[in-house]
Amino acid sequence: MISFFQNVIDAVALGSIYALVALGIGLIFGILRLINFAHGDMITVGCYALIVPSTDAAAQLLIGSWTPLAAIAAIAIIVLLVALSTDALVFKHLRRASPTTLMIASFAVSYVTQNALLMAYGARAKGVDFWSGVNVQIAIGELRVPLLQLITVAVTFALMMLLNLFLRYTRYGIQMRAAAEDFRMAQYIGVRGNIVIGLAFAISGMLAATVSLLYVTQSGSLSITMGVPLVLFAFVAVVIGGMGNLLGSVVGGFLIGILLTMLQAYLPPDLRAFRDAFAFAFVILVLLVRPAGLIPARNTIERV
Amino acid sequence: MSALLDIQELHVHYSDLAAIRGVSLHVDEGEVVCLVGPNGAGKSTMLAAVAGGVKPTSGSIRFDGGSLRSVRPEQIARLGVSLVPEGRQIFGTLTVEENLRIGGYISSDRKAAASDFDRLLVTFPRLKERLAYPAGRLSGGEQQMLAVARAVMTQPRLLLVDEPSLGLAPLIIEQIYKTLLELRAERGLTLFINEQSSARVLKYADRIYILRGGQIQLEGRASDLRDGDAIRKAYFGFSAGSQRAAENVA
Ligand SMILES: Nc1ncnc2c1ncn2[C@@H]1O[C@H](COP(=O)(O)OP(=O)(O)O)[C@@H](O)[C@H]1O
Ligand SMILES: [Mg+2]
């Protein structure tokens, strides 16, 4: 029983990470119909920004050595600026392009970002000792819970609450929801397209920065392609949740995290190597039963 | 006096398809002008071009003397042109109140927008009762009212209305036209309305343009066009003699 609860905590913590990544993808998709595979590389940028640019194998902390508040602020600002510049340099010029073209452009942005990191930091994966102080276990009754997992879950829920309040009660949030439903109509009613799009990139950038910090603290390692599996599973989360629906993205993110953790824990040992295959089989099953995802959005299929 | 809306030699293409082919028309301040034509005539394209949603190939669109070509839709809204689109396009997942408030965000004067909101609810009592509803749950007539009210929240001088009667019962259509005329009287709005049928608009319009195949076929004061023969001819492209054929086509 104890080990089951331990697994649940693992699952929710991993689910939190996927939910944050899926939210970042879902927000941009909602406004721009862009499936932004470069979102994972924004996370990678946030991780590498912690260390001194060099091709040495040993990572030396730069921003990562600052006080936590300063480091958090700096990483958030850096990732936000990089995310905004992907829009300014690439996506902004493709506003009338089809979703397919946009997605392919996001692959291009992804590769360019990875190669830019490669030039600055080298190809080898690096170990990094960042905020290792929070990698302690605290005892709750008989359970021993990693503090970082509690922080991860708490931060995720706090951010989701904030985002929800923002979207529901502020004028910019309401404008974003309107634009996600019908971008052209929102413009007709005076919503400034560029502000809404800029906000979507800025918020998704801050979500990516959060994932950077949580993820690198947990894993203690850096690699140029570290964002790729995150974005792949988060994209799957967005699809099973229902494209164009933020609640769906969050639900999908948690589902994926729970699924992966539980498969890892309870699959027979010789099948564990095929965990991801089982996970994707489940995803296909979900989509066979509910092709539009668990919580379908009303308006994703057609829009001008 | 120059017209509030002045369109000259307008051409609009959707890739190869010429939807508008050399249209010139004008709407004077305070007028109710109707653009009438069959399905596919190009009516919606005309309004979308004025509101900035589609880019003309050539020609000029001037509002209050200034060109609207290559101006963004959100900027055109700020200049005082507001569109009630075909099919209403209300934000179904937003509440009725949010749909209305969003139109007011255009104004930097929050107090004025708030008092305008209150004033508008007097004109739309049905909406007032349903402020907290998701707008997607409203009936078709209520959604049309909401689309009109939302457009008026931007405090326009020119209101573009695309087929307000589409899919609605006659009684509700009457009510919507009554409300539009009320808004005109109250706020000095100028109305430019699309309809498929001239029967109704002859009653409300000052002037009418008949559009077919992307070209203006006929223009006149509504009072001069009460005898429907000229309209029928312009609308269908053949004369009263072949009216039976026209009815078959219609
Ligand atoms: N987005 C579009 N893409 C391609 N063709 C269009 C588009 N919108 C309208 N059309 C075409 O342009 C012509 C005029 O359409 P429209 O302006 O909607 O006419 P109306 O509103 O009078 O029914 C029609 O032939 C229609 O098929
Ligand atoms: Mg139309």
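The rules behind the values
- Residues numbered from 1 in each chain as written.
- Chains lettered and ligands numbered in written order.
- Predicted model: local features only at pLDDT ≥ 70, side-chain atom pairs only at ≥ 80, totals over all residues.
- Heavy atoms only, no water.
- Helix = DSSP H or I, 4+ residues; strand = E, 2+ residues; numbered from the N terminus.
- Rg over C-alpha atoms; globule rule 2.2 N^0.38 Å.
- Buried < 20%, exposed > 50% of the residue type's maximum accessible area, 1.4 Å probe, protein only.
- Contact = heavy atoms within 4.5 Å.
- Lys, Arg positive; Asp, Glu negative; His and termini not counted.
- Charge placed at Lys NZ, Arg CZ, Asp CG, Glu CD.
- Buried area = accessible area lost by both parts, 1.4 Å probe.
- Salt bridge = Lys/Arg side-chain N within 4 Å of Asp/Glu carboxyl O.
- Pairing = 2+ DSSP bridges.
- Axes fitted to C-alpha atoms, helices over the stretch in contact; angles between N-to-C directions.
- Donors = N, O, S within 2.8 Å, 3.2 Å for Na, K, Ca; no water.
- Patch = residues over 30% accessible without salt bridge, like charges linked within 9 Å, V, L, I, M, F, W, Y side chains within 5 Å.
- Areas by Shrake-Rupley, 256 points an atom, 1.4 Å probe, with all protein chains shown as cover.
- Near = heavy atom within 4 Å.
- Polar contact = N/O pair within 3.5 Å; in protein donor to acceptor, adjacent residues only side chain to side chain.
- Nonpolar A, V, L, I, M, F, W, Y, C, P; charged D, E, K, R; others polar.
- Parallel < 35°, antiparallel > 145°, perpendicular 65-115°, else oblique.
- Left-handed = near helix turned anticlockwise from the far one by under 90°.

Looking at this model, I keep getting lost on the overall build of chain B. Mind explaining?
The helix and strand inventory of chain B stands at ten helices and ten strands. Its C-alpha atoms give chain B a radius of gyration of 18 Å, near enough to 18 Å, the size a compact globule of 250 residues would have. For the C-alpha atoms alone, the extent of chain B along its principal axes is close to 55 × 40 × 35 Å. Across the 250 residues of chain B, 52% fall into the buried class. Taking contacts inside chain B between residues at least 6 apart in sequence as the whole, the part at least 24 apart equals 67%. Charge centroids of chain B, computed over 30 positive and 28 negative side chains, lie 2 Å from each other.

Explanation requested: the interface of chain A and chain B in the structure shown.
Many authors give the size of an interface as the accessible area that is lost as the parts come together. At the junction of the two partners, chain A supplies 21 residues and chain B supplies 30 residues. With both sides pooled, the region where chain A packs onto chain B buries about 2300 Å², and carbon together with sulfur makes up 54% of that total. Considering only the surface of chain A that becomes buried against chain B, R171(A), Y188(A) and I189(A) emerge as the three largest contributors, covering 33% of it. With a closest N to O distance of 2.7 Å, E98(B) and R177(A) form a salt bridge.

Would you take a moment to explain the pairing of strand β9 (residues 207-212) of chain B for this structure?
Each regular strand carries side chains that alternate between the two faces of the sheet. Residues and elements named next belong to chain B. Here β9 lies mainly inside the structure; five of its six residues are buried. Pairing of strand β3 (residues 32-36) with β9 involves four bridges; the strand directions are parallel. Within the sheet, the bridge partner assigned to V33 lies in β9 and is R207. When β9 meets strand β10 (residues 215-221), the two strands line up antiparallel, connected through six bridges. Its bridge partner being in β10, R207 is matched across the sheet by R221. Between β9 and β10, which pair antiparallel one after the other, the connecting turn spans two residues, and G213 there sits at a positive phi close to 60°.

Help me understand the sheet that holds strand β5 (residues 66-67) of chain B in this model?
Neighbouring strands of a sheet are bound in pairs by backbone hydrogen bonds; such pairs are parallel or else antiparallel. Residue and element names in this part refer to chain B. Overall, antiparallel pairing links the four strands, which are arranged β2-β1-β4-β5 in an open sheet. At either margin of the open sheet sits one strand with a lone partner, and together these are β2 (17-27) and β5. Alignment of strand β4 (residues 58-63) against β5, held across two bridges, turns out to be antiparallel. Considered in β5, the bridge of R62 is made with S67. On the sheet, helix α1 (residues 43-51) packs against β1 (5-14), β2 and β4 and is oriented at approximately 110° with respect to β1.

Please clarify how the sheet that holds β9(B) should be interpreted in this entry.
Residue and element names in this part refer to chain B. Reading across the sheet, the six strands line up as β6-β7-β8-β3-β9-β10 and stay open at both edges, with mixed pairing between neighbours. Pairing within the sheet leaves two strands with one partner each, and these edge strands are β6 (81-84) and β10. With direction set aside, neighbouring strand axes in the sheet form an average angle of 15°. Here five bridges tie strand β7 (residues 158-162) to strand β8 (residues 190-195), and the two strands are oriented parallel to one another. Bridge pairing in β8 links L158 to T190. Against the sheet, helix α9 (residues 229-236) touches β3, β9 and β10, its axis set at about 30° to β9.

Explain the coordination of the magnesium ion (ligand 2) here, please?
Four donors placed tetrahedrally around a metal ideally meet at 109.5 degrees, and six donors placed octahedrally ideally meet at 90 or 180 degrees. Residues and elements named next belong to chain B. Around the magnesium ion (ligand 2), the protein supplies S44 (OG) and E86 (OE) as donor atoms, at distances of 2.0 Å. Taken together, the positions of S44 in helix α1 and E86 in the loop between β6 and α3 (96-104) put the pair 42 residues apart, joining distant regions of the chain. Given a relative accessible area of 33%, E86 falls into the partly exposed group.

Which parts of the structure should I look at to understand a positive patch on the surface?
Together, K92(A), R96(A), K55(B) and R72(B) make up a positively charged patch on the protein surface. Among the secondary structure elements, K55(B) is positioned in the loop between α1 and β4.

Can you walk me through the side chain of S249(A) in this structure?
Residues and elements named next belong to chain A. Considering the arrangement of structural elements, one finds S249 in helix α10 (residues 246-266). According to the relative accessible area criterion, S249 is buried, its value standing at 1%. Residue contacts for S249: discarding those within four places in its chain leaves A22, L23, G26, A237 and V238.

I would appreciate a short explanation of α3(B) in the present structure.
Counting along an α-helix, one turn takes 3.6 residues, and residues three or four places apart therefore face a common direction. With respect to burial, α3(B) is a largely interior element, seven of its nine residues being buried. Looking only at α3(B), the buried set comprises V96(B), E98(B), N99(B), L100(B), I102(B), G103(B) and G104(B). Of the surrounding secondary structure, the elements contacted by the buried residues of α3(B) are α5 (147-169) and α6 (171-181) of chain A together with α4 (110-123), α5 (125-129) and α6 (140-152) of chain B.

Explain the site of ligand 1 to me, please; I cannot follow it from the model alone.
Residue and element names in this part refer to chain B. Around ligand 1 sit Y14, L17, A19, P38, N39, G40, A41, G42, K43, S44, T45 and E86, and those are all the residues in its vicinity. Between ligand 1 and S44, the relevant distance is 2.8 Å, taken from an oxygen atom to a side-chain nitrogen or oxygen of the residue. Protein chains shield 60% of the accessible area of ligand 1, which is 560 Å² for the free molecule. The set of elements that each furnish at least two residues to the shell around ligand 1 consists of β2 and α1. By residue number, the principal contributor to the shell around ligand 1 is α1, which donates three residues. Here the residues of the shell around ligand 1 are counted per class, giving five nonpolar, five polar and two charged.

Hey, could you run me through the pattern of salt bridges in this one?
Close approach of charged atoms lets side chains of opposite charge pair. Under the defined criterion, the tally for this structure stands at 17 salt bridges over all chains. For D87(A), the salt bridge is made with R95(A), and the minimal N-O distance between the two is 3.1 Å. The exposure class assigned to D87(A) is buried, which follows from its relative accessible area of 8%. Under the relative-accessibility criterion, R95(A) is labelled partly exposed at 31%. Through salt bridges with shared partners, one network takes in D116(B), R119(B), E186(B) and R187(B).

Any chance you could explain the packing of α6(B) against helix α7 (residues 170-187) of chain B here in plain terms?
Axis angle and axis distance: for two packed helices, these are the angle between their axes and the distance between the axes, and together they describe the pair. Residues and elements named next belong to chain B. Interhelical geometry of α6 versus α7 gives an angle of 15° and a closest axis separation of 10 Å. With respect to α7, the axis of α6 lies roughly parallel. For α6 against α7, the interelement crossing comes out right-handed. The residues of α7 that touch α6, namely those facing G141, Q144, M145, V148 and V152, are I172, Q175, I176, T179, L180, L183 and R187. Grouping the constituent residues of the contact of α6 with α7 by class yields seven nonpolar, four polar and one charged.

For this particular structure, what's the right way to read a nonpolar patch on the surface?
Residues and elements named next belong to chain A. A cluster of nonpolar side chains, M1, F4, F5 and Y266, forms an exposed patch at the surface whose accessible area comes to about 460 Å². With respect to the helices and strands, the residue F4 is situated in helix α1 (residues 2-32). Residue F4 is classed as partly exposed on the basis of its relative accessible area, which comes to 35%.

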